[in-house]
Each structure stands twice: as structure tokens, then as C-alpha cells.
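Chain residues, written in single-letter form:
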Amino acid sequence: MEFPVKTGNPAKVETACLVIPVYQEGELLPAAARLDDASERLIGQLLERGDFDARLGKVQMVPFAPGLGAERLLLVGLGKRDKCQEAAFRKALDAAFTALADLPLDDCAVAFTDVPLDERDAAWKARMVAEATHRALYRFNDFKSEKAPAPRLAQVTLLVSDDGDAADAREGARIGDAVGQGINAARTLGNLPGNVCTPSYLAERAEALGKASGGALQVEILDEEALEALGAHSLLSVGRGSEQPSRLIVMQYQGAENPEEAPHVLVGKGITFDTGGISLKPGEAMDEMKFDMCGAASVFGTVEAILAIRPKVNLVAIVAAAENMPDGRATKPGDIIRTLKGLSVEVLNTDAEGRLVLCDALTYAERFEPASVVDIATLTGACIIALGHHATGLLANDDDLALDLLDAGEAAWDRAWHLPLWDEYQEQLDSNFADLANIGGRPAGTITAACFLSRFADTFPWAHLDIAGTAWTSGKQKGASGRPVGLLTQYLLDREADAVVESGAETEAE
């Protein structure tokens, strides 16, 4: 996919389709006004006669565009101007590219950088255009005998009215292109069935990424023998009932000018299928438990985005991969296991397995002396009850890290919500027989799950992202979302920007 940027008169742009956003009130943005003048008020007349309903997300194709270089126009409704901010802008983009994806078009040009948004510049809008393009063009039909035709769209030209915004739009499109590809990579991993996407498959995927990176990504795979020798008995306990061997996958990217600079660590929950183990889940919708590795998928997607962008940061990506199945060897409720950190855990519910693989991965992260650690997991149904399907749950032992992640979520429009991690919740994990239990009862389930993880993250700044409500969509449109690849990539780009500022300050001080 290509995202060139053009300035100048949009009426002269030669393209198969020109995409023009319009407000419900009929007021035309600068690009639309110039097109209207060149086409004998084609757009204005359509709006005045009521031939186009410009409510948010409505689209209409105009098959002929007299007086214009474009072969056709696609009008996209922005809704009312006073309500058109980020959410509306994204909805309009999604509607536009969903319509374009089904048309036999090789290219188009879009004029969305004209849309005024509070504190959002041309770079942000261009990034959103690129991400929306990738989301809309995504297809997952790998296992269908008759595959639907792939979308033809291969080039999206961004029209920029102000010459001074062109460079920012190019950079925004570059970032959006990488993030969009990372999002779709995460979606594909999430959508794969559990009989294909096993822990070994994820390990092979990591190795393939390493080979394709030209040496930029170093990969290490710890198999069950290595994990046993290491003492990662908690991670291993989850996969005991499965014929699929567990894996700990470690990917390292060193982009910082100083290779010794402390890395930022991402840890992904990679439960490739979750039956609940002996604490068996209900059969209804159990197929969706193939999505229980979407935390790992988001780590893979973020790594792919980072390899495309090549920021000057050091990154370690860790995936704890296992399959949770019931058989004669499976961990049972009441069993006590020993973690890599040395703490003993009473397993009260084998369906609370994500925290059991993550705790050993967090302990493993200590060896990298990280600047920050963020784990990502489809961890608790309680998070869906608390926040629905819009916001990712965020808990942290460091307020600055939490704020950085919240800011990254706002910047990427992949938002999170900060929940408390108070000491009062910790006592719910008390056990009569071990150092702690793996569940704390029904009250505050998302928080007590994070409390459990916090016991293994006491030596570094740490945050936990619970994506149970945002990682996939159920129902007719069932499929992985690719979240929070946007948030995580933005967080790492922000750390690169912080390093540049700090370096400049040190230079001035000298």
C-alpha cells in the first residue's frame, strides 16, 4: 500500500475516486469548496436538494465528476460540525474505506486533512487515514475453499491544502502504514484457529520475524526443558493438560544509539486456547477462547510495526505461550505450584491461568533491568463488565508509567482507563496454604488479577493492560481487533521522543 501526499488544486488530481468529507449542515471544507467551484456546484446541489444525507458515516458514490480530474466522487458524511471530533472522524474514515474496499478501484485520493479537529494536526489525520485503510482492506479467508476477491485498492493519495503540512502528513502516513500493518498482523494471529496457532506456531512466527528483519530482531525460544531448568513451574503448570508444549518466546530489538540503554519490555499472554482446564468453561462461545492469545498477538503486531518504523529505542518482547486443557496431568483446583520468583501459589481456579503464565514471564523480565514493563492480556471477564468493549483496563505500580500509557492511548485513539491498584485489594489473595491464591473472589476481579501480577513486578515500573473487552468482537462480525497495537507503538515512539529531549538537554548542559 502506498500513501503519497499531494498539495495544490484537488480539482486537477487524476484519480479513480476522490473522497470528500462533508458536514450535515452543508458547509463545505476548503478542498470540497474548490471541487464544487470546478464542477458547476455539483456537491452543493446534491446537498441542497437532499440527494445526499451527510449524517455521520453515510456515503454516496457520484459516478461522474464533470470538470474534475477524478473519474468519480465518494461523498462521506461527517455529521454535525460541532460534534465532529476524533470518534466521528474515525467513523467517517471507516465508512469511506469500507465502501472503497468493495469497489474495483486501484487508487483513490482523500481530503480528510482539511477536517478541523481540536489539537489534532495533519500528521495525526494522515496516520488515521492509513490505519483506516488497512483495517478496511483486511480479509481473513485463509480456510475458505472459495475466497472472496481481494480488494484492489493499492494507493491512497492524501490531499493537503497547506504546503506546510505536507511533511507532517507524510510522516503521519508512514507511521499509520506501519501501525495498520501491525494491527492486521495481530488480527490474523488472533483469528487463526487453535489447532493451527499453537505455542509452537507462535515460536515459529517469532523466528520467521527474526530472519526477515535482517538482524534487527534477535529471537530466543525457551522450550519446556529449558523452562523446567529455569524454574518456571507456574507457566508450565498451565500447559500440563495439553499435548501442545508450552513456550517462552523472547524477541529483542535494539534501536537506541546506546545499546546498553535500559529496554522497554512488553509481555503478552499467549494462551492459544483456553478451555478453563479442570475448571471447565461453559460450552457456549467457547470457540472464542482462541482469542485468549490476543495479548501475545498484540505484542507480535507491535514488533512488526516497530521493525517497519525503526525508532531509536530498545525493546524486549516476551510471549508466554501455553494451551489450557483438561486431562489426567492437568493442574487441579487446590494444587500448589512454585513460581519462577519462588512464591508458592494455591490454584483455586484453573480458569485463572493467564496470570500463572504472566507471573513467570514478568519475573523473567527482571534480567533485562528494564526501564518499564507492560503486560497485555485478555485476563478477566470482570473488565468487560466494568468497561464494556470501548476502553482497555489499565493498572500500574507507577503513576508516571500509567499516565504515559494513557497519553499514548489518546494519541493513537486506542484508549485505556486507569483503575486503582490499592493495597486494600491485596488481602483478597490471601491463602491458608500458600503465599497467595490465584483468584481473589468475584468482587473487583480485574483489580485482584492485577494485584496478583503486581507481586511479580516489584523491581521495576510496571503496568497491566486488560484487553478482555477490546481484543475481539463477537457476533456476526466476530474477529480480532488488533488492539492495543496502536497504543503500544505510540508508547514506544513517545519514549524515543523523550530520549531525544533528554539528550538535547544534556548537550545544552555540557
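Residues numbered from 1 in each chain as written. Predicted model: local features only at pLDDT ≥ 70, side-chain atom pairs only at ≥ 80, totals over all residues. Heavy atoms only, no water.

**Side note on the sheet that holds strand β13 (residues 372–377)**
Filter applied, for reference: Pairing between strands requires that DSSP locate at least two bridges from one strand to the other. Helix numbering and strand numbering both begin at the N terminus, where a helix is a DSSP run of H or I of at least 4 residues and a strand a DSSP run of E of at least 2. The axes are straight lines fitted to the C-alpha atoms, using for helices just the contacting stretch, and the angles between their N-to-C directions are given from 0 to 180°.
Read across the sheet, eight strands follow the order β7-β8-β10-β9-β13-β17-β14-β15 without closing on themselves; strand pairing throughout is mixed. The open sheet terminates on both sides in strands that have one partner only, identified here as β7 (217–222) and β15 (416–418). Strand-to-strand, the axes of this sheet are offset by a mean angle of 20°, without reference to chain direction. Examined bridge by bridge, strand β14 (residues 392–396) and β15 share three bridges and lie parallel to one another. Bridged to Leu394 within β15 is His418.

**Here we look at the UniProt feature "active site" (unreviewed entry) in the protein**
The test is simple: UniProt positions are given in the numbering used here, feature names are shortened, and annotations may be inferred rather than shown by experiment. In what follows, a contact means two residues having at least one pair of non-hydrogen atoms within 4.5 Å. Remark: exposure states derive from per-residue accessible area (1.4 Å probe, protein chains only) relative to the maximum for the residue type, with buried under 20%, exposed over 50%, and partly exposed in between.
Taking the UniProt record as the reference, the feature "active site" (unreviewed entry) is found at Lys281 and Arg355. For Lys281, the contacting residues outside a window of four places in its chain are Asp274, Thr275, Gly276, Met286, Met289 and Asp351. Here Arg355 shows up in helix α10 (residues 354–365). Its relative accessible area of 6% is what places Arg355 among the buried residues. Apart from the residues lying within four places of it in its own chain, the contact partners of Arg355 are Leu379, Thr380, Asn438, Ile439, Ala449, Phe452 and Leu453.

**Focus: the packing of α10 against helix α13 (residues 445–454)**
Just so we agree on the cut-off: Crossings are sorted by hand: turned counterclockwise from the far helix by less than a right angle, the near helix makes the crossing left-handed, and turned clockwise it makes it right-handed. Each residue gets one label: Ala, Val, Leu, Ile, Met, Phe, Trp, Tyr, Cys and Pro are nonpolar, Asp, Glu, Lys and Arg are charged, and the others, such as Gly, are polar.
Two elements in contact, α10 and α13, have axes whose closest approach is 9 Å; the angle formed by their N-to-C orientations is 30°. As for the relative orientation of α10 and α13, their crossing is right-handed in sense. Where α10 abuts α13, its residues Arg355, Leu356, Leu358, Cys359 and Leu362 lie against Ala449, Phe452 and Leu453. Taken together, the residues of the contact of α10 with α13 sort by class into seven nonpolar, no polar and one charged.

**Notes on the sheet that holds strand β11 (residues 336–338)**
One key point about sheets: their strands pair by backbone hydrogen bonds, in either a parallel or an antiparallel sense. An order of β11-β12-β16 is seen for the three strands of this open sheet, with the pairing classed as mixed. A strand with exactly one partner marks an edge of an open sheet, and here the two such strands are β11 and β16 (436–437). Note that strand β12 (residues 344–346) and β16 share two bridges and pair parallel. What sits directly across from Val345, in β16, is Leu436.

**Concerning unusual backbone geometry**
Keep in mind that most residues, glycine aside, have a negative phi and that most peptide bonds are trans. Each neighbour pair has its own omega, and for Arg483 with Pro484 the value is 5°, a cis peptide bond. As for its position among the elements, Pro484 is in the loop between β19 (479–480) and α14 (485–509). If you check the backbone angles, Glu369 has positive phi at about 45° while not being a glycine. Mapped onto the elements of the fold, Glu369 is located in the loop between α10 and β13. Despite not being glycine, Trp413 has its phi angle at roughly 55°, a positive value. Topologically, Trp413 is positioned in the loop between α12 (399–412) and β15.

**So, the packing of helix α4 (residues 122–137) against helix α5 (residues 166–191)**
Threshold: Angles below 35 degrees are treated as roughly parallel, those above 145 as roughly antiparallel, those between 65 and 115 as roughly perpendicular, and all remaining angles as oblique.
With their axes 7 Å apart at the nearest point, α4 and α5 run at an angle of 30° to one another. By the angle between their directions, the pair α4 and α5 is classed as roughly parallel. For the pair α4 and α5, the crossing hand works out as right-handed. Residues belonging to the contact of α4 with α5 are distributed by class as follows: nine nonpolar, six polar and six charged.

**Points about the pairing of strand β4 (residues 73–77)**
Among the five residues that make up β4, five are buried, leaving the element largely enclosed by the rest of the structure. In β4, alternate side chains face the same way, and those of Leu73, Leu75 and Gly77 on one face and Leu74 and Val76 on the other are all buried. One ladder, built from five bridges, connects strand β2 (residues 18–22) with β4; its direction is parallel. Looking at the pairing, Val19 lines up with Leu74 of β4. Bridge analysis of strand β3 (residues 59–62) against β4 gives four bridges, and the strand direction is antiparallel.

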